[in-house]
Amino acid sequence: MSRDGSGGPAAESEQRPLENREAGESAETPSIDEGRYLYCIVRTDAEADLETTGVDGEPVSVVVEDGIGAVVHPCDGIYDSANLAQVRRWLVRHQTVVDEAGQAFGTPIPFQFDTILRGDDDRVREWLREESDTLEQALDGLAGHWEYRVEVVEIDPISDESLIERDERLRELDEQIGDSGEGTAFLLEKKFDQRLTELRAARRESLTADVEERLAAEAREVHALERSPSAKLSDDVADGSGSDDSSAGDDDGETLCRLTLLAHEDDEGAIGSILDDVAANEGLEVRFTGPWPPYTFAPELGGGDSNGDPTASDPNPQP
């Protein structure tokens, strides 16, 4: 089993891909006289501090109200650019601040990129009071829990010959093809290929179901992700390379399943043991990342109304 700490789920779970934006295109953006860019919510006391810099090098602070802190920086506008390299830097910095807040205060409740509250620190405290019940419930429910990502890759796919040996119907079709004329053989070959496709899909589904069932015994939640997400900006952010080779289906085998887990930090070892057992199967590789802040499992915060509640800017909404 390989464990890679170079990327995380933030970009994939929070950001809309920006590759379709034309160079120089400018989206209509809301005007903000004074605001606070929001990274995450944490449990902390009134003397909290986080020594880090935020998006675009802005100074980060923790605004606290009754034991709940909002990690913020002052801003007077949203972060929007047609320069994708710049956007990548912003996304990575956003995730880094949330990660550092998690290390300092325990499991954070993250906001999506470019979520801004209109107003000053007093408005942040007011909002924390207004949403205290929701925030208390979220912080209590996710305390000590983190997100983990799992990808199972078949680096040595099973051969057609092996499937033929295991399946009586394939053997029958193979024999019939050899004994048939050109027209009949063509039709039988189509049935043969369809049967191969069905067997591979059934095998993949069976393996995925087994892995999900075993992980569900230790994790609080297990969700399947797309096996082969299309290449996009968020993939570049996650692998930190800016390249277009983050999908494991081209050169490194076929991705059988991708899963995201919500699990308590005390159960990480048990989850690792399960994945070691999966990786022990010949031809399989397991890629395991985490712990990350629970981007996928955190409640949605901020409705974006006209009363100053946290608003995610239109150019970068949550998908």
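Being a predicted model, the structure only gives us computed values, none of them experimental.

### Considering the overall build of the chain
Link 1 in the chain: In terms of helices and strands, the chain carries 9 helices and 11 strands.
Link 2 in the chain: For the chain, the proportion of its 319 residues judged to be buried stands at 46%.
Link 3 in the chain: Long-range pairs, those at least 24 residues apart, make up 81% of the contacts in the chain with a sequence separation of at least 6.
Link 4 in the chain: As displayed, the chain offers around 15,800 Å² of accessible surface, 41% of which is attributable to carbon and sulfur atoms.

### Observations concerning the packing of helix α7 (residues 182-216) against helix α9 (residues 268-279)
The description of two packed helices rests on the angle between their axes and on the distance between the axes.
Link 1 in the chain: At a minimum axis distance of 10 Å, the contact between α7 and α9 shows a crossing angle of 160 degrees. The orientation of α7 relative to α9 falls into the category roughly antiparallel. When the axes of α7 and α9 are compared, the crossing they make is right-handed. When α7 is examined against α9, the residues Val-211, Arg-214 and Leu-215 are found in contact with a partner set consisting of Ile-271, Ile-274, Leu-275, Asp-277 and Val-278.
Link 2 in the chain: Of the residues assigned to the contact of α7 with α9, the class counts are 6 nonpolar, no polar and 2 charged.

### Comments concerning α7
Link 1 in the chain: Look at α7: 51 Å from first C-alpha to last across 35 residues, which is about the 51 Å you get at 1.5 Å a residue.
Link 2 in the chain: Those residues of α7 lying buried are Ala-185, Leu-188, Phe-192, Leu-196, Leu-199, Ala-201, Arg-204, Leu-207, Thr-208, Val-211 and Leu-215.

Procedures and definitions
- Residues numbered from 1 in each chain as written.
- Predicted model: local features only at pLDDT ≥ 70, side-chain atom pairs only at ≥ 80, totals over all residues.
- Heavy atoms only, no water.
- Helix = DSSP H or I, 4+ residues; strand = E, 2+ residues; numbered from the N terminus.
- Buried < 20%, exposed > 50% of the residue type's maximum accessible area, 1.4 Å probe, protein only.
- Contact = heavy atoms within 4.5 Å.
- Areas by Shrake-Rupley, 256 points an atom, 1.4 Å probe, with all protein chains shown as cover.
- Axes fitted to C-alpha atoms, helices over the stretch in contact; angles between N-to-C directions.
- Parallel < 35°, antiparallel > 145°, perpendicular 65-115°, else oblique.
- Left-handed = near helix turned anticlockwise from the far one by under 90°.
- Nonpolar A, V, L, I, M, F, W, Y, C, P; charged D, E, K, R; others polar.
- Expected span 1.5 Å × (residues − 1).

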